[in-house]
Amino acid sequence: MSLAVVLLTAGSICIVAGGTVALNIRGTAQMLARRAADNSAKAMQARGDLGPAPLVMSAGVYRFLATATAFGGLVLTLGGLLELA
């Protein structure tokens, strides 16, 4: 498998996944924030801590990280296209 195919595949996957969260399609950023809060609450309950779960990352942080992932995917895709040329 050539490097161009690997770069194009990884880049397009990063663009789609990052773009979905960054643009908050179907509420994915809020879903990730709720899932993190639920997991934190479950971990605290398993430890015996019955206090409120701390907010680790908000939906805005997830959207920012997804934007960085999408731009990284764009760089990989452009690198794959340059490799083909």
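Conventions adopted
- Residues numbered from 1 in each chain as written.
- Predicted model: local features only at pLDDT ≥ 70, side-chain atom pairs only at ≥ 80, totals over all residues.
- Heavy atoms only, no water.
- Helix = DSSP H or I, 4+ residues; strand = E, 2+ residues; numbered from the N terminus.
- Polar contact = N/O pair within 3.5 Å; in protein donor to acceptor, adjacent residues only side chain to side chain.
- Contact = heavy atoms within 4.5 Å.

## What about the side chain of Thr 28?
Within the secondary structure, Thr 28 is located in helix α2 (residues 28-47). A polar atom in the side chain of Thr 28 sits 3.1 Å from the backbone oxygen of Thr 20. Discounting chain neighbours no more than four positions away, the residues touching Thr 28 are Thr 20 and Val 21.

## Thoughts on the environment of Ser 2
Assignment of secondary structure puts Ser 2 in the segment before α1 (3-22). Taking C-alpha positions, Ser 2 is 30 Å from Ala 22, a pair spaced 20 residues apart along the chain.

## Remarks on unusual backbone geometry
With phi around 55 degrees, Asn 24 is a residue other than glycine that occupies positive phi space. Assignment of secondary structure puts Asn 24 in the loop between α1 and α2. A positive phi angle is found at Arg 26, which is not glycine, with a value near 60 degrees. Relative to the assigned elements, Arg 26 resides in the loop between α1 and α2.

Interpretation in functional terms is not warranted from these geometric data alone.
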